Amino acid sequence: MSFLVEENPAKHRFEILVDDALAGFAAYEPRGEVRIFTRTEVRPEYRNMGVGAALVQGALEQVRQQGGRLVPECSFVRAYLERHPEYADLVITAA
């Protein structure tokens, strides 16, 4: 099983492809260099397989590479950040 995380700026979200099929997305509201993550959704057939974690990790890595910051309004993204303090430098409290 291969994962690919890509940003879809037109839809304001990061998408994860599993073996070339859209498996989920992490939606955000852009505020300049800040992204406010509002919702993460993984299709039922891909749940409990690490797809959500791979999606958030890939999104956070891309935010970091682009020099951006984020506000984790989405509970899934917030929970991921609590388990992965190495991304704490990307978080701001409000945009």
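Residues numbered from 1 in each chain as written. Predicted model: local features only at pLDDT ≥ 70, side-chain atom pairs only at ≥ 80, totals over all residues. Heavy atoms only, no water.

What follows is about the packing of aromatic side chains. The description of an aromatic ring pair uses the distance of the two centres, along with the angle that the planes make with each other. This structure, assessed with the given rule, holds four aromatic pairs. Considering the side-chain rings of F14 and F37, the 6.0 Å spacing of their centres and the 15 degrees angle between planes classify their relative orientation as stacked. Taken together, the residues span a long stretch of sequence, with F14 in strand β2 (residues 13–18) and F37 in strand β4 (residues 34–42) at a distance of 23 residues. An angle of 55 degrees between the planes, with centres 6.0 Å apart, marks the rings of Y28 and F37 as tilted. (Phe/Tyr/Trp six-rings, centres within 6.5 Å; stacked < 30°, edge-to-face > 60°. Helix = DSSP H or I, 4+ residues; strand = E, 2+ residues; numbered from the N terminus.)

For helix α2 (residues 75–83), the full list of buried residues reads V77, Y80 and L81. In a view along the axis of α2, the buried residues occupy a sector of 100 degrees, so they form one face of it. Exposed and oriented more than 90 degrees from the buried face of α2 are S75, E82 and R83. Packing partners of the buried residues in α2 comprise β4, α1 (51–65) and β5 (69–72). (Buried < 20%, exposed > 50% of the residue type's maximum accessible area, 1.4 Å probe, protein only. Arc of directions from axis to C-beta. Contact = heavy atoms within 4.5 Å.)

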